[in-house]
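Structural overview
Read off the chains here:
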Amino acid sequence: MSKEVQNELMTYSSKFLKVKNIPEVKVPDALKAELRDYQHHGLNWMNFLDEFNFGGCLADDMGLGKTVQIIAFILSQREKRGHTTNLIVVPTSLLFNWQEEISRFAPSVKVLLHYGADRPKTTAHMTDYEVVLTSYGMLLSDIRFLKAFHFNYIFLDESQTIKNPDSERYKAARLLQARNRIVLTGTPVENSTFDLYSQLSFACPGLLGSKQYFKDIYAIPIDKFEYSKRALELQQKIRPFILRRTKKQVAKELPEKTETVIYCEMNAEQRRIYDAYEKELREFIAANDDDELNKNSMHVLTGLTRLRQICNSPVLIKEGYSGEHAVKVEILMEQILGKSKDHKILVFSQFVEMLDLIKAELKKTISNLSISPGRLKTEEKRLLISRPIRK
């Protein structure tokens, strides 16, 4: 090993030993939000890693504002490096949330939503945007040309999506090119220590060695034999590259309640059914004057209720439609699977039949995951399904 390399390694070691004393950076003026102290620390931490071209895993608990920290960091990259193009990959259910949050907190950021059947099948126009926002599904479909583009940063939200290193999503993500990478997840470890491997091998290539090495040295000794020495060794190795704060740790800084609206876009068949019933209701209203509408107000209310039911699932209107076209149920399953490990979940609906659909889908999903009977009971206890109150 040359003297220059040794000196560089010593410099890195010295810096990372002082990881608790991370230099503070100024919150970008373009950010239209006030960061809480722990969020400002998250911005400092990402800038600290960026100084050495290291990626990381922002693993804050759900609801602690990982999105706004990433937006602040993208703005700080603009101040440091000028115009760059960054890729954000998220589950489909979160596309509109990210769009709304960027628009709200960083309206100066130009965003390209790379999604839908009409999306351009090229990267030629991406340099015009500061953020390219896409889904894991689009990443799989378009990896052939996305892998040729060199992004500044790649951010993977809900990165437990790629925790299986044999999955197509993980393989596609690893083909992407970027100066640096950050993964975001509220549950870095869902089932076993091995969950960490894919996420960190994406964010920090080479940190954990090969897949087999990590299994033999860390995953099996820790999970199977509860070898505390190996667990401590792994913890020390990854500590500088993972930032995790729980709600209990930052409780004093949190508001009483955090609300998140998740937008669900109907698929083609569900939209076709909805549009047909909406047209019928509009034509009925247009064909009647106010007096007639007052006499037939129940017909209008029934029509509006039917439209609400179709938004949940066409099967609720009991006219022979299948339950396959229920986007809300699909997105709800994604949310439950991502959060049920660490949280109790209350699901409620104004339609009893919708709760029956959700219950059936939960049983089917849990069964497909091949969860042991003991754990199945635990998962069922975490999920409380509330029926509407009848007066």
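About the thresholds
- Residues numbered from 1 in each chain as written.
- Predicted model: local features only at pLDDT ≥ 70, side-chain atom pairs only at ≥ 80, totals over all residues.
- Heavy atoms only, no water.
- Helix = DSSP H or I, 4+ residues; strand = E, 2+ residues; numbered from the N terminus.
- Buried < 20%, exposed > 50% of the residue type's maximum accessible area, 1.4 Å probe, protein only.
- Contact = heavy atoms within 4.5 Å.
- Areas by Shrake-Rupley, 256 points an atom, 1.4 Å probe, with all protein chains shown as cover.
- Polar contact = N/O pair within 3.5 Å; in protein donor to acceptor, adjacent residues only side chain to side chain.
- Patch = residues over 30% accessible without salt bridge, like charges linked within 9 Å, V, L, I, M, F, W, Y side chains within 5 Å.
- Salt bridge = Lys/Arg side-chain N within 4 Å of Asp/Glu carboxyl O.
- Phe/Tyr/Trp six-rings, centres within 6.5 Å; stacked < 30°, edge-to-face > 60°.
- Axes fitted to C-alpha atoms, helices over the stretch in contact; angles between N-to-C directions.
- Parallel < 35°, antiparallel > 145°, perpendicular 65-115°, else oblique.
- Left-handed = near helix turned anticlockwise from the far one by under 90°.
- Nonpolar A, V, L, I, M, F, W, Y, C, P; charged D, E, K, R; others polar.
- Core = buried A, V, L, I, M, F, W, Y, C linked by side-chain atoms within 4.5 Å.

1. Details of the overall build of the protein chain
The secondary structure content of the protein chain amounts to 15 helices and nine strands. A burial count over the protein chain gives 44% of its 391 residues as buried. If you take every contact in the protein chain between residues at least 6 apart in sequence, the share linking residues at least 24 apart comes to 72%. Here the protein chain displays about 21600 Å² of accessible surface, and carbon together with sulfur accounts for 52% of that area.

2. Side note on the side chain of S135
Note on placement: S135 falls in strand β4 (residues 131–135). Owing to a relative accessible area of 1%, S135 belongs among the buried residues under this scheme. Reaching out from S135, the side chain makes a polar contact with the backbone nitrogen of M138 at a distance of 3.1 Å. Discounting chain neighbours no more than four positions away, the residues touching S135 are V89, V90, T92, L95 and Y115.

3. Structural notes on unusual backbone geometry
Non-glycine residue N53 carries a positive phi angle of around 60 degrees. Topologically, N53 is positioned in the loop between α2 (37–51) and β1 (56–58). Positive phi, normally seen in glycine, also occurs at E158, with a value near 50 degrees. Summarising the element assignment, E158 is placed in the loop between β5 (150–156) and α6 (168–175).

4. Describing a nonpolar patch on the surface
On the surface, I220, F225 and Y227 cluster together into a nonpolar patch covering about 310 Å² of accessible area. Relative to the helices and strands, I220 is located in helix α8 (residues 211–223).

5. Describing the packing of aromatic side chains
Scanning all chains against the criterion turns up 12 aromatic pairs. Measuring from centroid to centroid gives 5.5 Å for F48 and F52, while their planes differ by 75 degrees, and the two rings are edge-to-face. The two residues F48 and F52 agree in class, both being buried. Between F73 and F155 the ring centres are 6.3 Å apart and the planes differ by 85 degrees, which places this aromatic pair in the edge-to-face class. Here F73, found in helix α3 (residues 66–81), pairs with F155, found in strand β5; they are 82 residues apart in sequence, far enough to count as distant. Accessibility assignment for this pair places F73 and F155 in one class, buried.

6. Looking at the packing of α6 against helix α7 (residues 195–203)
Packing of α6 against α7 leaves a shortest axis separation of 10 Å and a crossing angle of 15 degrees. Taken together, the axis directions place α6 and α7 in an arrangement best described as roughly parallel. Helix-helix and strand crossings are classified by hand; for α6 and α7 the assignment is left-handed. On α7, the residues touching Y170, A173 and R174 of α6 are S198, S201 and F202. For the contact of α6 with α7, the residue count by class is three nonpolar, two polar and one charged.

7. Here we look at the nonpolar core
One finds I70, I88, W98, F155 and L156 to be the most contacted residues of the largest nonpolar core, which totals 73 residues. With seven residues, the single largest contributor to this core is α3.

By themselves these figures say nothing about function.
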